[in-house]
Amino acid sequence: MRSSVEIHDILTGKTRVVWQTDRLVEAPNWSRDGEHLIINGDGRLYRLSLDGSEPVEIDTGFATLCNNDHGLSPDGKTIAISDKTEFGKSAIYLLPAEGGTPRLVTRNLPSYWHGWSPDGKTLSYCGIRDQVFDIYTISVDGGEERRLTHGEGRNDGPDWSADGEWIYFNSSRTGQMQIWRIRPDGRDVTRITDSPYGDWFPHPSPDGKHLLVLSYDGDVFDHPRDLDVRLRLMDMDGGNARILFALFGGQGTINVPNWAPTGNRFAFVRYEPES
């Protein structure tokens with residue numbers, strides 16, 4: 001499998017390759033200064049310069065089984081990671097962006113990070129409790145988690161709107177995975193997409209104008225890798241939805257927030273199957 005880390009500009013419609021490798025790498029985040037991406041591979045995190053030079057490993061201490069659910073705080077000083085080294089199940093930790101010792105945030109497991117509130121005080125994540133997938137939030141200081149959904153199908157992929165008013169997520173509550181949003185206090189659950197696809201991983205743009213979604217074929221329920229998928233762009237309310245392009249990907253392509261700070265570009269990973 002070949003991984004191609006790429007950047008798409010929604011204004012010009014052009015895509016450029018940043019870096020390619022024969023390793024499996026996933027889930028690019030964009031640094032707040034716009035100078036580099038953070039990706040994961042082989043259980044580690046790496047800082048990838050936009051000039052395409054080889055990525056540099058980020059010191060995550062004992063956490064050496066990081067998955068693709070990671071992301072930077074709004075001020076760019078802290079990274080949230082999801083790692084199973086300590087407990088054998090994914091837990092959410094915070095550590096300095098330059099690297100350091102992880103600090104445990106979630107004690108209920110497994111928990112998979114997906115979003116950071118714009119004020120930097122709260123994390124959103126998918127938690128699996130008694131085999132039920134739901135959306136939770138928790139203070140960056142830890143403590144009690146807040147449950148926002150209650151087993152209405154499978155709920156996953158929560159990411160915050162730029163104004164902090166909504167948490168977008170994907171849910172199978174109507175039978176097929178679609179995009180929904182909910183207030184941070186659990187009110188006003190609203191359906192955003194009503195599409196023939198299996199819609200996953202909604203990411204609101206930093207300028208509050210767009211929502212980026214990964215769409216599988218309609219008969220795909222989970223979010224597996226190595227399939228033909230498409231990236232779709234729409235208004236924040238789901239209007240004016242359009243396919244930007246199709247690609248070979250899925251799991252690892254855009255699992256976590258991936259917009260540039262300006263809101264006109266996003267990073268993603270395209271995969272090429274072994275010949």
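Below, the structure is looked at part by part. The shown structure was predicted, so the numbers you read here are calculated from the model rather than taken from an experiment.

**Structural notes on the environment of His 114**
In this fold, His 114 is placed in strand E11 (residues 111–116). Classification of His 114 as buried rests on a relative accessible area of 3%. Sequence-wise, His 114 and Trp 200 are 86 residues apart; in three dimensions their C-alpha atoms are separated by 12 Å. Residues in contact with His 114, not counting those within four places in the same chain, are Asp 69, Ser 124, Tyr 125, Cys 126, Asp 156, Gly 157, Pro 158, Asp 159, Phe 201, Asn 255, Val 256 and Pro 257. Among the polar contacts listed, one links the side chain of His 114 to the backbone oxygen of Asn 255, at a separation of 3.4 Å.

**A short note on the environment of Glu 152**
Topologically, Glu 152 is positioned in the loop between strand E14 (142–147) and strand E15 (155–160). Residue classification places Glu 152 among the partly exposed positions, given a relative accessible area of 29%. Dropping the residues within four chain positions of it, Glu 152 is found in contact with Asp 134, Ser 171 and Arg 173. In this structure the side chain of Glu 152 is engaged in a polar contact, spanning 2.8 Å, whose partner is the backbone nitrogen of His 150.

**Considerations on the pattern of salt bridges**
Opposite charge on two side chains lets them pair, provided their charged atoms get close. If you walk through the whole model with that rule in mind, you get 17 salt bridges. For Asp 222, the salt bridge goes to Arg 154, with nearest N and O atoms at 3.1 Å. Within this pair, whereas Asp 222 is found in the loop between strand E20 (211–216) and strand E21 (227–234), its partner Arg 154 is found in the loop between E14 and E15, the two being separated by 68 residues in sequence. By relative accessible area, Arg 154 is classed as buried at 14%. Ionic pairing is found between Asp 194 and Arg 191, a salt bridge with its closest N-O pair at 3.2 Å.

**So, the sheet that holds strand E1 (residues 2–9)**
Strand pairing within a sheet occurs via backbone hydrogen bonds; the two strands may be parallel or antiparallel. Pairing is antiparallel in the open sheet, where three strands are placed in the order E2-E1-E23. Edge positions in the open sheet fall to strand E2 (15–21) and strand E23 (265–272), since each of these has one partner strand only. For this sheet, the mean angle separating the axes of adjacent strands, direction not counted, is 25°.

**What to know about the sheet that holds strand E13 (residues 132–139)**
Strands sit in the order E11-E12-E13-E14 across an open sheet of four strands; the sheet is antiparallel. Sheet topology places E11 and E14 at the edges, where each strand pairs with a single neighbour. When the angles between neighbouring strand axes are averaged without regard to direction, this sheet yields 35°. Where E13 meets E14, three bridges bridge the pair, whose relative direction is antiparallel. In the sheet register, Ser 139 faces E14, and the bridge partner there is Gly 142.

**Some thoughts on unusual backbone geometry**
Cis peptide bonds are those with omega within 30 degrees of zero, and the linkage from Leu 109 to Pro 110 qualifies with -10°. Examined against the element boundaries, Pro 110 turns out to sit in the loop between strand E10 (103–104) and E11. Here the phi dihedral of Asp 130 falls at roughly 55°; this positive angle occurs in a residue that is not glycine. Among the residues examined, Asp 130 registers a relative accessible area of 76% and is labelled exposed.

Conventions and cut-offs
- Residues numbered from 1 in each chain as written.
- Predicted model: local features only at pLDDT ≥ 70, side-chain atom pairs only at ≥ 80, totals over all residues.
- Heavy atoms only, no water.
- Helix = DSSP H or I, 4+ residues; strand = E, 2+ residues; numbered from the N terminus.
- Buried < 20%, exposed > 50% of the residue type's maximum accessible area, 1.4 Å probe, protein only.
- Contact = heavy atoms within 4.5 Å.
- Polar contact = N/O pair within 3.5 Å; in protein donor to acceptor, adjacent residues only side chain to side chain.
- Salt bridge = Lys/Arg side-chain N within 4 Å of Asp/Glu carboxyl O.
- Pairing = 2+ DSSP bridges.
- Axes fitted to C-alpha atoms, helices over the stretch in contact; angles between N-to-C directions.

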